[in-house]
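Fold and geometry: a report
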Amino acid sequence: MPIRLRFRPHLLATALALAMAPTLYAAQAAKVEATVAMNGTLEITCDSRPFTVLSIGAFDPAWKHFAATVVRGAADKPEDVDADKRFEILGLDHSVIAGHAGFTVEAVDKLPAVGATYAFTPSADVSLNSLHVSADFDVASLAGGTWNADGKSGIFPTAAGEPPLFDGLVRKLSLSSVVGSLAFAFAEPTHVLLQDNRRWGGQVFSVRIGYPKRDYPKDKPVDIGFVVSAPGGMSLAIDRPPVVAAGKDWIPLTLDLDIEPGSALDFSRMGLQDGPAGSHGRVVARADGHFAFANDLDTPRRFYGVNLCFTAQYLAHADADRLAERLMRLGYNALRVHHYEGELVGHKSGTLEHPGGADWVPEKIDQLDYLLAACAKRGIYVTTDLYVSRPVSPEELGLATGTPIDFKICVPVLPAAWENWRAFSQRLLTHVNPYNGLRWGDDPALAWIAMINEGNFENYYAGIVKMPQWTTAWNAWLATTYPDRAAQLKAWGAELSATEDASKGTVALPPRLGDASVRTRDCLLFLAVTERNMYQRMTTFLRKDLGCKALFTNTSSWWNRPTNQMARALYDYVDDHFYVDHPEFLAGDWRLPSRNGNRNPMSQGAPGGRNCAFTRVYGKPFTITEFNYSSPGRYRGVGGLLGGALAALQDWDGIWRFAYSHNRDDVLAPHAMDYFNLSADPLNQAADRAALLLFLRRDLAPARHHVAIAMSVAELGAPPTSIPVLSPSWNWMAWITGVGTAVIDENHPLPKDVAAMALGWPADTASGAYAMSNEACMAWLKAHDVPTLDQPTVPATNDLRSETRELWIDGQHGRLTIDTPRTAGGFAANGEAVKAAGAGVDIAVAGVPATVFVSSLDAQPIRASSHLLVTHLTDLQNTGVRFGEAAATTLLDWGKLPHLVRAGTAEIKITLKDAASFKVWGLTSSGKRRDTVATTVAGDVLTFTADVTAADGARMLYEIAKP
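Note that residues are indexed from 1 along each chain, following the sequence as it is written. The predicted nature of this model means local features are confined to residues of pLDDT at least 70 and side-chain atom pairs, given and counted, to a pLDDT of 80 or more, with totals for whole chains, interfaces and linings taken over all residues. No hydrogens and no water enter the side-chain calculation; it runs on all heavy atoms of the structure.

Overview of the overall build of the chain
Segments assigned H or I by DSSP are reported as helices when at least four residues long, segments assigned E as strands when at least two residues long, and all are numbered from the N terminus. For the chain, the helix and strand inventory stands at 17 helices and 57 strands. Based on C-alpha atoms, the radius of gyration is set beside the globule rule, defined as 2.2 Å times the residue count to the power 0.38. For the chain, the C-alpha radius of gyration of 28 Å lies close to 30 Å, the compact-globule estimate for 963 residues. Taken along its principal axes, the extent of the C-alpha atoms in the chain is 80 × 80 × 60 Å. Taken across its 963 residues, the chain has 60% of its residues classed as buried. When contacts within the chain are restricted to residue pairs at least 6 apart in sequence, those whose partners lie at least 24 apart make up 71%. Total accessible area on the chain stands at roughly 34,100 Å², and carbon and sulfur atoms take up 54% of it. A positive count includes Lys and Arg, and a negative count includes Asp and Glu. His and the chain ends are not counted in either. By convention, charge coordinates are those of NZ in Lys, CZ in Arg, CG in Asp, or CD in Glu. Computing the positive centroid from 88 side-chain charges and the negative centroid from 102, the chain places the two 1 Å apart. The cut-offs for exposure are 20% and 50% of the maximum accessible area for each residue type, with area from a 1.4 Å probe on protein chains only; residues under the lower value are buried, those over the upper are exposed, and the others partly exposed. Should any heavy atoms of two residues lie within 4.5 Å, those residues are considered in contact. Note on areas: Shrake-Rupley, 1.4 Å probe, and residue coverage restricted to the protein chains presented here.

Remarks on the nonpolar core
Taken as a class, soluble globular proteins show a tendency for nonpolar side chains to be buried jointly. Core analysis: the largest hydrophobic core is formed by 190 residues, its most contacted members being Leu335, Trp421, Trp470, Trp730, Met733 and Leu816. Broken down by element, this core gets its largest block of residues, 12 residues, from helix H11 (residues 518-545). The residues contacting Leu335, other than those within four sequence positions of it, are Val306, Leu308, Leu327, Leu371, Cys375, Ile380, Tyr381, Val382, Thr383 and Trp656. The set of buried Ala, Val, Leu, Ile, Met, Phe, Trp, Tyr and Cys residues whose side-chain atoms join them within 4.5 Å is what this entry labels a nonpolar core.

Some thoughts on the sheet that holds strand E28 (residues 446-450)
The strand order across the open sheet formed by 8 strands is E29-E28-E25-E24-E23-E34-E33-E30, and the pairing between neighbours is parallel. Each edge of the sheet is formed by a strand with only one pairing partner; in this case those strands are strand E29 (551-553) and strand E30 (574-580). Between one strand axis and the next, the sheet turns through 25° on average, direction left out of account. Strands pair, by our definition, only if DSSP identifies at least two bridges between them. Direction of pairing for strand E25 (residues 381-385) relative to E28: parallel, over a ladder of 4 bridges. Within E28, the residue paired with Thr383 across the bridge is Trp448. Axis lines are fitted to C-alpha atoms, over the contacting stretch for helices. Their N-to-C directions set the angle, which ranges from 0 to 180 degrees. Taken strand by strand, helix H15 (residues 682-696) contacts strand E23 (303-309), strand E33 (622-629) and strand E34 (654-661), and its axis lies near 145° from that of E23.

Details of the environment of Leu900
When you line up the elements, Leu900 lands in strand E49 (residues 896-902). Assessed through its relative accessible area of 0%, Leu900 is described here as buried. The sequence separation of Leu900 and Val96 amounts to 804 residues, and the corresponding C-alpha distance is 36 Å.

Details of the pattern of salt bridges
Each salt bridge in this description consists of a side-chain nitrogen of Lys or Arg and a carboxyl oxygen of Asp or Glu lying within 4 Å of one another. Here the structure, examined in full by the defined rule, presents 39 salt bridges. For Glu832, the salt bridge goes to Arg815, with nearest N and O atoms at 3.6 Å. Taken together, the residues Glu832 in the loop between strand E41 (823-828) and strand E42 (833-836) and Arg815 in strand E40 (residues 815-819) connect sequence positions 17 residues apart. Accessibility expressed as a relative area gives 14% for Arg815, which makes it buried. Between Asp893 and Arg882 there is a salt bridge, with the nearest N and O atoms lying 4.0 Å from each other. One end of the pair, Asp893, is in strand E48 (residues 890-893); the other, Arg882, is in strand E47 (residues 882-883), with 11 residues separating them in the sequence. In this structure Asp893 comes out as partly exposed when scored by relative accessible area, which is 31%. Using a relative accessible area of 28% as the deciding quantity, one classes Arg882 as partly exposed.

Describing the packing of helix H9 (residues 468-481) against H11
As a packed pair, H9 and H11 sit with axes 11 Å apart at the nearest point and diverge in direction by 100°. By the angle between their axes, H9 is roughly perpendicular relative to H11. Touching Trp470, Ala473, Trp474, Trp477 and Leu478 of H9 are Arg519, Asp522, Cys523, Leu525, Phe526, Leu527, Val529 and Thr530, all from H11. Per-class residue counts for the contact of H9 with H11 are 10 nonpolar, 1 polar and 2 charged. When an angle is under 35 degrees it counts as roughly parallel; over 145 it counts as roughly antiparallel; between 65 and 115 it counts as roughly perpendicular; any other value is oblique. By the convention adopted, Pro, Cys, Tyr, Trp, Phe, Met, Ile, Leu, Val and Ala count as nonpolar, Lys, Arg, Asp and Glu as charged, and the other residues, Gly among them, as polar.

Okay, here's the thing in structure tokens:
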């Protein structure tokens, strides 16, 4: 029976016109299904694979995005599942936009299609840059395909170009690619924007339907409506959110935080730590761009660790020892002390006379001292930041009470902020730890320091344009860059207004940094130079005035441009951050509801971290001090394999999970899962062992070749009008071979064995690295003999294989295969298999999608090992967690303990020497043997079934050894 949620008669007549639309469809019509969620989101799949999601949202005047969420309280009423889909857009200035979406089954050329209508009603007058329904497509889904808008047509480019592909009013729109095809029909001319988002770092094409910049009066409804169809028809279904409760589908799990000494999960026996910290000298940066110990320069060193935040690092001494011991047994050799300052200063600001925080809380500095010493004793090295989230009031900076400030952008332009940062840094680094008798700045265990956490200026540009001190600094820079106003006028042309003169301080900063203008180009260069100058000033103070011996870095996340590499060329090491399924908050920061993508990363080409590979500067160590595949994402189990494999393939030098815990209580006892914390998420903790083995134990080999976008200092100082984001559109190459950037001058030539790809500035930007298509990149690699030529890498379909032949991302099947001698496995959907033939591991997944990997515990190859660990990860959620849809993208309620693991099985075959002599045990989360698992042996192949459902609760871990 047709599903009728809402009907508007004019849509059917409009839909019939679609048969005449000049659409280029794929050769064979895919099975296309549309599923509507509680908040009006419409997910469209082709042959059961995600194609696009039509979501509802708005951009405010500063281009901050606000997504629609379920109406508060509606999710508590199961009877509303089949009703009209009501939603709210929250967080806008003084206004809430209430709305409802209706969906109908229509007919286009006698085939079913979907009619969609959306009504928006603001609760107060509001100005918006956009109010829309937006369909986002992965670049790989549309690249090379075509679009047609009322007779105007074009191609979705394989290489990133200018963002707008089309912008105007249309009655008909069609999109076609090898993945699938869609057509939209509108009863009235409707504004449509086709946009390539790669310029801003996204890997999507957007089709934004609705209203461009305008004012919306209070209580006056506005509508958007269309019919969407596909060549073979489109079905419509109602999304029904999952019920997560203990039963046959969800099995309770008992969580133990500590690791049983000597068990299969006790990784301290692998020699991953080399303690005490400093026993081989300080951590130093070698000339080849890797870490080493000062007294053993011939051995490159890697570090893998976790973050502790807020109260999680302030523990009684006995608890600090317990935590340090646990981290050691988990296998970590590094820790990041993060978000520590608020507790340390008692959440109090300082004064102009005593900047840098009020008197420190004696108990807190003692606890921090003890934790540092406890970690160092066990060979765990520490990194931290000199500013993260310490409270600083405007009065402390000499500003009027109530002045909005962001300390991160005050430091370079406000003298009082510089003194504040300097005072806190001096106090911290000259403080003597009574538990080892060393100043923090002299302690070899404190190996790395970042100046300001995530302080990239472009991240905070909305605040920069509001600070007069930044406008003053901007004009001062322009006055030294251009000899006089005439020179600036010649460069800027009509962009420099008659009233603007740098010598008088009257040249305005650009309102935003997304356009291609000379003003924006110069501003991005100005920000990069400001960072470079600030870093030099900071390191001079820390090294010369304080005598601090740690390695230094800065600018660790989000907005990066090639010009930022000018500053990174000065750093001792380079750092970045990345997340997969990081929450987007729909009703206010760090409040539910939240949203995440929750999509199979392999189908997208595993984009997590690929952009960071180009932040790296060859010749300098590279770290990731924050990464996570975040909860409640159902694919986070594969994050350990992907995160560890990427870092190992790229031969990075350190990675840190964010986080182990944010809370003291979570360190001491089990708690319900949250967004990031491994201590409360046994599935992600289990997944993290894959990263430890692939990266820290070096199970996966680094790429044999290296490609660098080569940037001369002169080129970076004279960028083109449109400066791209640092990571190119072809960052998929990070899964094939080694990639990064190289900043070259007379003292820093291109590193040996690195193939240079020309930046292309300023003479020939069109043929430079940032203009290259996928096809051009593959041809370039072939010409430079970079990957082995028998690897069938196809970027357009996210079929990516490393040149080492140890990793295969199969985008078409959403599958991952890792095949190294000591760790092998991957991810597969129900009914599919992972075959790691080299390692002798064959896995058949059944029931639900799963990540499964087998690891040798005795440093021998799997085939010759006498002790193995098998990890089987489906999904894990809290009891009673609530989502807004079956895809679990909108989180409404976290639920509570106990953790529940989704039931599923996997048949695992392992080729072993003397296979008949082995036995398989299920393990608890602490590593204790809990039960014996039945096996069969045929020749040298041992077979058993990993089954989440066990007699005493959920089971994810297995030990294989000889009795």
